[in-house]
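# A closer look at the structure
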Amino acid sequence: MLCRTCQETNKAEQIFHNHCIAEPVVLKEPMADSREIRPVKHLKGSPKIPGDKSISHRALILGALANGKTEILHLLDSADVNSTWACLEALGVSIKKHGHKIWVQGQGLNSLQQATSQLDCGNSGTTMRLLMGLLAGQNFDSVLTGDSSLSKRPMKRVAEPLFFMGADIKLKDDNFAPVRIKGHPLKAINYPLEIASAQVKSAIMLAALFCPETTKLSGLIHSRDHSERMFELFGANIKTNQTEIAITGNQSLMPRDLKVPGDPSTAAFWMAAAAIVPGSEIELCDISLNPTRLGFLRALEKMGAHIETEIASAGPEPTGHIRIKYAELQAISVHSDEIPSLIDEIPILAIVCTQAHGTSEIRGAEELKVKESDRLGAIAQNLQAMGAKLDLLPDGFRITGPQKLNGAQIQTHDDHRIAMAFSIAALIAKGPTQILNPECVSISYPHFYNALRDLSQ
Ligand code: S3P
């Protein structure tokens, strides 16, 4: 038998060696880093919302391809966007920070240079997928790597349409990073998107810039449209209608000055908090009100939340203010065609559903299993840890509310949106909640816990 303390054979066939009992048991693993969140009376205030993550990535990339200097205000300063920044620098792009301004010195479509090492995309799926499109048509080779979470996420969905354009890309086990790209001349394609993914769509759009002809995308094109808007802003020849996106290749992009609006997926955590913590009232200013991102706001409205929105600027990205107050909520059903407009908000929507009257059902969300973590699994695991009941479905979940939540230990799986969603759940739980590996919020919202503290006072 093995001694439970020293793990060596104990010939006496006892669970501890006699000499081991006297020795203190040393834990081999250090205690996991964690943060305690306690219930609050209410939340009040107007937290400053960092820049939109999707728009920030695209602003850096298009700035790098433009002919001249692009100035960006309110770029998201977070780990994911820093991954795109570092990869572009490794490809020879000069990016400088001057106070609140970021300057990207673009030198035209054909100015990127081979990186001297592998390009580390960190945890960022957007960095890896968009760079696959950007790098496929270069006259040099590249290797894209990522952390352990990103290395488990599917990349074939991007490689496949790029193959049709003539790209030479090798994936580990035919689907995963590292992504080995042999730069190769590309040709335009007519491609019906089979997955409503803005990352796949944007990768093809970037590759299309390096083709001599016009690339046409049809099918499931109705995911977030920041690439379409930004291509237009930078003067690219792009035509979009309800059924098709057409991008003319080999054109030059004009540098632009732009301000990144606040991220609606980040604002969603405070909208949810105001909606479920009695007596709360929160104002969120300068948030992107792009219709392709408003699924969560619309869902809260349907549930009976007290929300006012005010448009402050129409374009190129509609931006405005959101005021939200606590109100009793009713259950909601969300179907597959609505999923792209709230794909990143489903973890926090699950928390809101636990407080709504009736049975909420979210379907068509199987994509959540291949996000930064298996988010459907993480939602179920952590809600159950808090004592809530839910039916986990292959493509979503069913939750009947309102339910009482208990403080618990939350497994974030190093996923920023799981950490933030369950920090909000902790505000209405009975007793304290421990968020494990809480600093993963730095992927999209490094100051999340400070903002939470300020709103709780
Ligand atoms: C993003 C698109 C979405 C979203 C991700 C960011 C983007 O992914 O979940 O956080 O910036 O294009 P999919 O389009 O792959 O669903």
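As the structure is a computational prediction, the values presented were derived from the model and not from experiment. (Residues numbered from 1 in each chain as written. Predicted model: local features only at pLDDT ≥ 70, side-chain atom pairs only at ≥ 80, totals over all residues. Heavy atoms only, no water.)

## Here we look at the overall build of the protein chain
The following threshold applies: Strands here are runs of E lasting at least two residues and helices are runs of H or I lasting at least four, both read from the DSSP assignment and numbered beginning at the N terminus. Restricting the calculation to C-alpha atoms gives the radius of gyration, and the globule rule supplies 2.2 Å times the number of residues raised to the power 0.38. The contact definition used throughout considers only heavy atoms, calling two residues in contact when any of these lie within 4.5 Å. We get accessible surface area from the Shrake-Rupley algorithm with a probe of 1.4 Å; when it comes to residues, only the shown protein chains can shield them. Positive charges come from Lys and Arg alone, negative charges from Asp and Glu alone, with His and the N- and C-terminal ends not counted. By convention, the point assigned to a charge is CZ for Arg, NZ for Lys, CD for Glu and CG for Asp.
When helices and strands are tallied, the protein chain shows 13 helices and 23 strands. In terms of overall size, the protein chain behaves like a compact globule, its C-alpha atoms giving a radius of gyration of 24 Å where 457 residues would be expected to give roughly 23 Å. Taking the principal axes of the C-alpha coordinates as reference, the protein chain spans close to 75 × 60 × 45 Å. Across the protein chain, every contact between residues at least 6 apart in sequence was considered, and the portion connecting residues at least 24 apart equals 73%. Here the protein chain has roughly 19,300 Å² of accessible surface; of this, 50% comes from carbon and sulfur atoms. For the protein chain, the distance from the average position of its 46 positive side-chain charges to the average position of its 49 negative side-chain charges is 1 Å.

## A look at the site of the ligand
Rule in force here: Whether a residue is near a molecule or strand depends on its heavy atoms: if one lies within 4 Å, it is near. Contacts described as polar in this section are N or O atom pairs within 3.5 Å, which, within protein, must combine one atom able to donate a hydrogen with one able to accept it, while residues neighboring in sequence count only if both atoms come from side chains. Under this grouping Gly is polar, as are all residues other than the nonpolar Ala, Val, Leu, Ile, Met, Phe, Trp, Tyr, Cys and Pro and the charged Asp, Glu, Lys and Arg.
The local shell around the ligand consists of Ser54, Arg58, Thr126, Ser197, Ala198, Gln199, Arg224, Ile343, Asp344 and Lys371. Interatomic distance of 2.8 Å between a side-chain N/O atom of Ser197 and an oxygen atom of the ligand. A distance of 3.3 Å separates an oxygen atom of the ligand from a polar backbone atom of Gln199. For the ligand, whose unbound accessible area comes to 380 Å², protein coverage reaches 95%. Elements that contribute at least two residues to the shell around the ligand include exactly helix 2 (53-65) and helix 6 (198-208). For the shell around the ligand, the residue count by class is two nonpolar, four polar and four charged.

## Describing the nonpolar core
One recurring pattern in soluble globular proteins is that nonpolar side chains are buried together. As a reminder of what qualifies: For the purposes of this section, nonpolar cores are sets of buried Ala, Val, Leu, Ile, Met, Phe, Trp, Tyr and Cys residues that join through side-chain atoms within 4.5 Å. For the exposure calls, accessible area comes from a 1.4 Å probe over protein chains only, and a residue counts as buried if that area is under 20% of its type's maximum, exposed if over 50%, partly exposed in between.
Counting 78 residues, the largest nonpolar core has Trp270, Phe296, Leu300, Leu383, Phe422 and Phe448 as the members making the most contacts within it. The greatest single-element share of this core, amounting to 10 residues, is contributed by helix 8 (residues 264-276). If near-sequence neighbours (up to four positions away) are discounted, Phe448 is found in contact with Phe269, Trp270, Met420, Ser423, Ile424 and Val441.

## Comments concerning unusual backbone geometry
That bond from Ala177 to Pro178 is cis: its omega, 0 degrees, falls within 30 degrees of zero. Structurally, Pro178 can be placed in strand 9 (residues 176-182). The linkage connecting Gly401 with the following residue, Pro402, adopts the cis geometry, with an omega of -5 degrees. Along the chain, Pro402 falls in the loop between strand 21 (396-401) and strand 22 (409-410). For Asp173, which is not a glycine, the phi torsion comes out positive at approximately 50 degrees. Along the chain, Asp173 falls in the loop between strand 8 (168-172) and strand 9. Under the relative-accessibility criterion, Asp173 is labelled exposed at 62%. A positive phi angle, near 55 degrees, is found at His413, a position not held by glycine. Among the secondary structure elements, His413 is positioned in the loop between strand 22 and helix 12 (416-426). We classify His413 as partly exposed; its relative accessible area is 43%.

## A word on the pattern of salt bridges
Opposite charge on two side chains permits them to pair, given that their charged atoms come into close proximity. We apply this condition: Salt bridges are identified by distance alone: a Lys or Arg side-chain nitrogen within 4 Å of an Asp or Glu carboxyl oxygen.
Counting across every chain of the model gives 27 salt bridges. Put simply, Arg375 and Glu372 hold a salt bridge, and the shortest N to O gap is 2.9 Å. We classify Glu372 as buried; its relative accessible area is 10%. Among the ionic pairs, Asp415 bridges to Arg375, the shortest N-O distance being 2.8 Å.

## Here's the deal with the domain arrangement of the protein chain
Cut-off, in case you're wondering: An automatic or database domain assignment supplies the residue ranges for each domain. Buried area adds together the accessible area that both of two parts lose upon being put together, with accessible area traced by a 1.4 Å probe.
Under the domain assignment, the protein chain is made up of domain 1 (4-50 + 261-456) and domain 2 (53-259). In this structure, domain 1 and domain 2 have C-alpha centres spaced 29 Å apart. On the domain 2 side, the residues contacting the 26 residues of domain 1 number 24 residues. At the boundary of domain 1 with domain 2, total buried surface from both sides reaches about 2,100 Å², with 49% on carbon and sulfur atoms. Summed over the shared surface of domain 1 and domain 2, the result is three salt bridges. Its salt-bridge partner being Arg224, residue Asp344 comes within 3.2 Å of it at the nearest N-O pair. Counting across the interface, domain 1 meets domain 2 through 15 residue pairs in polar contact (both at pLDDT 80 or more). Across the side of domain 1 that touches domain 2, the residue classes tally to 11 nonpolar, six polar and nine charged.

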